[in-house]
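A closer look at the structure
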Amino acid sequence: MELQDYLRASIQKVDNALDTLLPKDTTRPATIHKAMRYSIFAGGKRLRPVLALASAEVCGGVSDAALHAASAVECIHTYSLIHDDLPCMDDDDLRRGRPTNHKVFGEGVAVLAGDALLTLAFEILAQAPTTPRYGTATLIGELASASGSQWLIAGQVLDLEGEGKLISKEDLQFIHQSKTAALLTCAIRLGAMSADASPAKLNALTEFGQSLGLAFQVIDDILDVTQTTEKLGKTAGKDVAATKATYPALFGLERAREIASELTRKALGALSLFGDDATTLRALAESLVVREY
Ligand code: GRG
C-alpha cells in the first residue's frame, strides 16, 4: 500500500476510535467536552497514533489492537499542546490551523480541557487489550513515565528555563529527547506491546523511536524558521522571538538539516531486524525528514 493510502486509512481508524472514546460534546458539562473535542479534532497529523498502529503491525499484530494505546497517546499529546499554548507558557493564538483552545473557550476551560485529556488518556489505556507479556500496569506505567516530570514535563521545564540562554548541545539534545522523542517512542512501544512484541523487537523499536523522535524535533526547529504560519498551522518564528535554543540556532540551518538526516538514517538502521516487514515504518520515517509542516 502507498504511504498516503496507509496514512489516510490509519488516521480514519484513529479518528473513529477517538470519537468513540471521548465523551460526546452533549455530555454534561457540555463545555468541557466541546473544548476537548475542539482540540482533538482540529486536524493534527496523528503521527504518534499512526506510529503505534504501524509498530503493532511490524511486530506481527493487528492495528485494531493498538487503537486504545494510539488514542491515549494522542490525548496526552493534545493536552500538552493546549497547555503549551496558554498565556503562562508559550502564549499562542494559533494551533493546528485554528484559534488555540483558550482563545475559544477561555483560559480556565482550556486548563481543564488539558487536564481532562490527560486523565482520559489513562482511562482509555486501562481498557486496552492486554497480552501475555504486557499487562495493564505495564502499559499504564509506560505512558505515565513518558508524560511525567522526568520526560515530557522535564522537557517543557528546561525549555522554559532555557529561554534567552545559551545552552550546550547536550542540554538541547536532552530537552528534545524529553519533550518530543519520549512520547513518540512511547507510542511506538505501546503499539509493539499490543502485539506482544519480543524483548528484541521492543528494544529495536525503542532505538528507532528515540532517533526518529529527535529527528522529528530537529525538523520542527528547522520548519519554525523556514516555513510560514499558514503552512504550519501554528505561529512560525516563535523560537527566534523567544530566543529559544534550537538546532538551527546552535548549529546553523545547513548543519541542522544534516543532523536530521543522520538521525533519520540511524532510526532506519534500527529497523534492520524486521527486514521487509518494516516497509511502512521506513516510508513513514523517510517522509518525516522531507515534511513541510
Ligand atoms: C506538558 C505543557 C506541557 C508541555 C510539554 C509537548 C510540549 C512539552 C510542548 C508542546 C509544544 C512543542 C513544541 C512540543 C514539541 C513536540 C512537537 C513538535 C509537537 C508538535 O507535534 P506535531 O507536529 O503536532 O505532531 P500535530 O498538531 O500535527 O499533532
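So, a few notes on the structure that sits alongside this text. On a predicted model such as this, the values are computed, not experimentally measured, just so you know.

Some thoughts on the overall build of the protein
Within the protein, the secondary structure is distributed over 15 helices and two strands. In terms of C-alpha radius of gyration, the protein reaches 18 Å, essentially the compact-globule figure of 19 Å for 293 residues. C-alpha extents for the protein along the principal axes are approximately 50 × 50 × 35 Å. Here the protein holds 293 residues, and 51% of them are scored as buried. Put simply, of all contacts in the protein between residues at least 6 apart along the chain, 73% involve residues at least 24 apart.

Quick look at the site of the ligand
Neighbouring the ligand are 18 residues, the closest being Lys45, Arg48, His77, Asp84 and Arg96. A distance of 2.7 Å separates an oxygen atom of the ligand from a polar atom in the side chain of Arg96. Across the complex, the protein chains shield 93% of the 710 Å² of accessible surface that the ligand would expose by itself. Among the secondary structure elements, those contributing two or more residues to the shell around the ligand are helix H4 (67-84), helix H8 (152-162), helix H9 (169-194) and helix H10 (199-226). Here the residues of the shell around the ligand sort into five nonpolar, seven polar and six charged.

Here we look at the nonpolar core
Counting 70 residues, the largest nonpolar core has Leu143, Leu205 and Phe208 as its most contacted members. Apart from the residues lying within four places of it in its own chain, the contact partners of Phe208 are Leu51, Ile188, Ala267, Ala270, Leu271, Leu281 and Ala285.

A word on the packing of aromatic side chains
Within the structure shown, the criterion is met by two aromatic pairs. One cation-aromatic arrangement involves Arg98 over Tyr38; the distance from NZ or CZ to the ring centre is 4.9 Å.

Some thoughts on the side chain of Asp85
Note that Asp85 resides in the loop between H4 and strand E1 (94-95). Assessed through its relative accessible area of 2%, Asp85 is described here as buried. Filtering out sequence-adjacent residues up to four positions away, Asp85 remains in contact with Asp91, Asp92, Arg95, Thr100 and His102.

Some words on the packing of H4 against H9
Describing two packed helices takes the angle between their axes plus the distance from one axis to the other. For the pair H4 and H9, interaxial distance at closest approach is 9 Å and the crossing angle is 170°. One element, H4, and the other, H9, form an angle in the roughly antiparallel class. In the packing of H4 onto H9, the handedness of the crossing is right-handed. For the pair H4 and H9, contact is made by Ala69, Val73, Ile76 and His77 and by Leu183, Ala187 and Leu190, respectively. Among the residues forming the contact of H4 with H9, the class breakdown is six nonpolar, one polar and no charged.

Overview of H9
Compared with an ideal rise of 1.5 Å per residue, which puts 26 residues at 38 Å, H9 spans 35 Å between its outermost C-alpha atoms and is within 8% of the ideal. Among the 26 residues that make up H9, 19 are buried, leaving the element largely enclosed by the rest of the structure.

Quick word on the packing of helix H3 (residues 47-58) against H9
The N-to-C vectors of H3 and H9 enclose an angle of 30°; their axes lie 7 Å apart at closest approach. Considering only the axes of H3 and H9, their crossing is right-handed. On H9, the residues that touch Leu47, Arg48, Leu51, Ala52, Ser55 and Ala56 of H3 are Leu183, Leu184, Ala187, Ile188, Gly191, Ala192 and Ser194. The class makeup of the residues in the contact of H3 with H9 is nine nonpolar, three polar and one charged.

Some thoughts on the pattern of salt bridges
Inspection of the entire model under this criterion finds 20 salt bridges. Between Lys231 and Glu292 there is a salt bridge, with the nearest N and O atoms lying 3.1 Å from each other. Pair noted here: Lys231 is in helix H11 (residues 229-232) and Glu292 is in the segment after helix H15 (279-289), with a separation of 61 residues, a long-range link. Given a relative accessible area of 37%, Lys231 falls into the partly exposed group. Using a relative accessible area of 41% as the deciding quantity, one classes Glu292 as partly exposed. Linked by salt bridges that have partners in common, Asp15, Arg46, Glu74 and Arg96 make up one network.

Quick notes on the rules
Residues numbered from 1 in each chain as written. Predicted model: local features only at pLDDT ≥ 70, side-chain atom pairs only at ≥ 80, totals over all residues. Heavy atoms only, no water. Helix = DSSP H or I, 4+ residues; strand = E, 2+ residues; numbered from the N terminus. Rg over C-alpha atoms; globule rule 2.2 N^0.38 Å. Buried < 20%, exposed > 50% of the residue type's maximum accessible area, 1.4 Å probe, protein only. Contact = heavy atoms within 4.5 Å. Near = heavy atom within 4 Å. Polar contact = N/O pair within 3.5 Å; in protein donor to acceptor, adjacent residues only side chain to side chain. Areas by Shrake-Rupley, 256 points an atom, 1.4 Å probe, with all protein chains shown as cover. Nonpolar A, V, L, I, M, F, W, Y, C, P; charged D, E, K, R; others polar. Core = buried A, V, L, I, M, F, W, Y, C linked by side-chain atoms within 4.5 Å. Phe/Tyr/Trp six-rings, centres within 6.5 Å; stacked < 30°, edge-to-face > 60°. Lys NZ or Arg CZ within 6 Å of the ring centre and 35° of its normal. Axes fitted to C-alpha atoms, helices over the stretch in contact; angles between N-to-C directions. Parallel < 35°, antiparallel > 145°, perpendicular 65-115°, else oblique. Left-handed = near helix turned anticlockwise from the far one by under 90°. Expected span 1.5 Å × (residues − 1). Salt bridge = Lys/Arg side-chain N within 4 Å of Asp/Glu carboxyl O.

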